[in-house]
Amino acid sequence: MAEQKKTNAPEQDLNQILKNRREKLKNLQDAGKDPFQITKFDVTHHSTDIKEKYDELEGKEVTLAGRMMFKRVMGKASFCNIQDRKGSIQVYVARDNIGTDSYTDFKKYDIGDILGVRGEVFTTKTGEISIHASEVTLLSKSLQVLPEKFHGLTNTDLRYRQRYVDLIMNPESKETFIKRSEIIKEIRRFLDGRDFIEVETPMLVPNAGGAAARPFETHYNALDEDVKLRISLELYLKRLIVGGLERVYEIGRVFRNEGVDTRHNPEFTLMELYQAYTDYEGMMELTESMFRYLAEKVCGSTTIIYNDTEIDLGKPFARMTMNDAIKKYAGIDFDTVESDEAAKALAKEHKIEFEERHTKGDIINLFFEEYCEKELIQPTFIMDHPVAISPLTKKKPTDPEKVERFELFINTWEMANAYSELNDPIDQRERFAAQDAAFEAGDEEANHTDEDFLNALEIGMPPTGGIGYGIDRLVMLLTNSAAIRDVLLFPTMKSIKE
């Protein structure tokens, strides 16, 4: 039910209003005017189209349809406001134009009803572009009560649970999701221009690999097998690189059995792409170019504002190794730390919590998360991660303790994660074995050996650059949205027990 506390009527009056709406529907049905029997209505224009093209539409007949959000009855003539997908417009409804019976019906229509209107475009004496109705058709009867218009739907929890009401009452919410669609459309256009092809890979998998996360598990009855929901797109897309497709990407839902906060939802939209014959430097160029392109196309400028902070996507993105970032913000040079024990001693000294199974590479990552992420406001590529936390990444030829990997940070958020992809099947098998050992030692987010993927690597994968982008965070950034739930139409919510 839509939000009730914002209505002016006490609860018993509200119940009477709901009863009255059902009685109105019954009367219409008894009179052979059941709105739910109407199957279509031909729409020629939307509200903003009429306003933008008024000079050519003045005096011409149009049809539009939408939800009635306001009504003022004044004897033989009335005004109402119709809200459609693009905006809203005023409609002038006169008895002498639509007929006595139709006008009698119109006066009984309620806020929230969906109407179809036919009429001529004109301007009122006060200068408002409107439609002079010649026909009004009730297309759907609203049996619920919308929130009181002045306050809108302000209950955040209810906005997420009843997104359909949020979209009706809050134009800025609708605009966010329209912009989300534009962002994804422009991503596709950008990648199509670089000769990538879009593909689809399985969601139900026997081995959920490609990321450090706990999967959701289920049972496939037909095969009598336990399967998992994918946590990443990586391993199947790399199989396609082996198959010779060379440039592939996928935009799809992934599922991680983790907590919910302002930047995390257990199901979210991930995009991964893989390009043969390039490396993580190539992925940096692609990423920087794509973010700049999206800002220009969707926001109109490479300088955007997020929460009153100006972020410049137009200038070259900063580059810094992970160890250099820790040295800058924590004052510790891990290039001089020679053992796991020495790294753990530093963690204890700085009150960084860790587990006994952790290695120097894990400790480096913990220091980075504690001291560095909060400092990275402007676009920054953090490069050359420890091999211990990068099981699918090619080692740096000049330093085998590190890998050719970067994460892009903007506004303190990780926005992308990219590698020079590991294509050595012998090295990959050893990395998987280390991940299996980590899982046995208690790391529930560790990867597992994937024999079919190893077989694909043994067939031969060319040098490849790959990257993953969190689409929801990207939308948050480009729409100045405070939480991931604000950019997910139907975010994960704990069920309400009746």
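Below: a short report on this structure. Computed from a predicted model, the values in this text were never measured in an experiment.

## As for the pattern of salt bridges
For the coordinates displayed, the defined rule picks out 38 salt bridges. For the salt bridge of Lys-344 with Glu-356, the shortest nitrogen-to-oxygen distance reads 3.7 Å. Remark: Glu-356 occurs in the loop between α12 (340–349) and α13 (360–371) and Lys-344 occurs in helix α12; sequence separation between them is 12 residues. One salt-bridge network, in which partners are shared between bridges, spans Arg-21, Lys-24, Asp-110, Asp-113 and Lys-141.

## Remarks on a negative patch on the surface
Taken together, Glu-217, Asp-224, Glu-225 and Asp-226 make up a surface patch of like negative charges. Counting through the fold element by element, Asp-224 comes out in the loop between β8 (217–220) and β9 (225–229).

## Remarks on the sheet that holds strand β18 (residues 405–410)
In spatial order, the strands read β6-β10-β11-β20-β19-β18-β15-β14; together these eight strands make up an open sheet with mixed pairing. Of all strands in the sheet, those with a lone pairing partner are β6 (197–198) and β14 (318–321), marking the two edges. Packed on one face of the sheet, helix α9 (residues 234–242) meets β10 (247–255), β11 (267–276), β19 (413–420) and β20 (464–470) and runs near 25° to β11. Where helix α16 (residues 471–479) meets the sheet, its contacts fall on β11, β18, β19 and β20, and the angle it forms with β19 comes to roughly 135°.

## A word on empty space enclosed by the protein
Tallied over the full model, the rule gives one cavity of 30 Å³ or more. In this structure, the largest cavity encloses a volume near 80 Å³. What lines the largest cavity is a set of 13 residues, and nearest its centre among them are Val-205, Asn-207, Gly-209, Ser-232 and Tyr-236. Split by residue class, the lining of the largest cavity holds six nonpolar, four polar and three charged.

## A look at the packing of aromatic side chains
For the structure on display, the rule yields 13 aromatic pairs. Each ring, one from Phe-79 and one from Tyr-92, has its centre 5.2 Å from the other, and the planes form 50°; the classification is tilted. Remark: Tyr-92 occurs in strand β3 (residues 88–94) and Phe-79 occurs in strand β2 (residues 77–83); sequence separation between them is 13 residues. Through a chain of ring-to-ring contacts, three or more aromatic side chains come together here, namely Phe-79, Tyr-92 and Phe-122. One Lys or Arg, Lys-71, reaches over the ring of Phe-106 and ends 5.5 Å from the middle of that ring. Above the face of the Tyr-236 ring, Arg-239 is positioned so that its terminal group lies 4.4 Å from the ring centre.

How each quantity is defined
- Throughout this description, residue numbers start from 1 for each chain and increase along the sequence as written.
- Totals for whole chains, interfaces and linings use all residues, but because this is a predicted model, local features are given only for residues with pLDDT of at least 70 and pairs of side-chain atoms are given and counted only at 80 or more.
- The side-chain quantities take in all heavy atoms of the structure and omit both hydrogens and water.
- Whenever Lys or Arg places a side-chain nitrogen within 4 Å of a carboxyl oxygen from Asp or Glu, that contact is recorded as a salt bridge.
- Only runs of H or I of at least four residues qualify as helices and only runs of E of at least two qualify as strands under DSSP, and these elements are numbered from the N terminus.
- What makes a patch is a set of residues exposed beyond 30% relative accessible area and free of salt bridges, joined within 9 Å when like-charged and within 5 Å when nonpolar (Val, Leu, Ile, Met, Phe, Trp, Tyr).
- Per-residue and other accessible areas follow the Shrake-Rupley method at a 1.4 Å probe size, with only the shown protein chains counted as cover for residues.
- Charge counting follows a simple rule: Lys and Arg are positive, Asp and Glu are negative, and His as well as the terminal groups are ignored.
- The location of each charge is read from NZ of Lys, CZ of Arg, CG of Asp or CD of Glu.
- Only strands joined by at least two bridges in the DSSP assignment are considered to pair.
- In what follows, residue pairs with any heavy atoms lying within 4.5 Å of each other are defined as contacts.
- Only the contacting stretch of a helix is used when fitting its axis, a line to C-alpha atoms as for every element, and angles between N-to-C directions run 0 to 180 degrees.
- Using a 1 Å grid laid over the protein atoms alone, points where a 1.4 Å probe fits but cannot get out form a cavity; open sets with protein on both sides within 12 Å along at least 5 of 7 lines form a pocket; any residue with an atom within 4 Å of a point counts as lining.
- Grid points are joined across faces, edges and corners, and a volume is the space filled by probe spheres set on the points.
- When residue character is reported, Ala, Val, Leu, Ile, Met, Phe, Trp, Tyr, Cys and Pro are called nonpolar, Asp, Glu, Lys and Arg charged, and the others, Gly included, polar.
- Aromatic rings from Phe, Tyr and Trp, with only the six-membered ring used for Trp, were paired whenever their centres fell within 6.5 Å, and each pair was classed as stacked if the ring planes differed by under 30 degrees, edge-to-face if by over 60, and tilted otherwise.
- Only when the NZ of Lys or the CZ of Arg is both within 6 Å of the ring centre and within 35 degrees of the ring normal is a charge said to sit over the ring.

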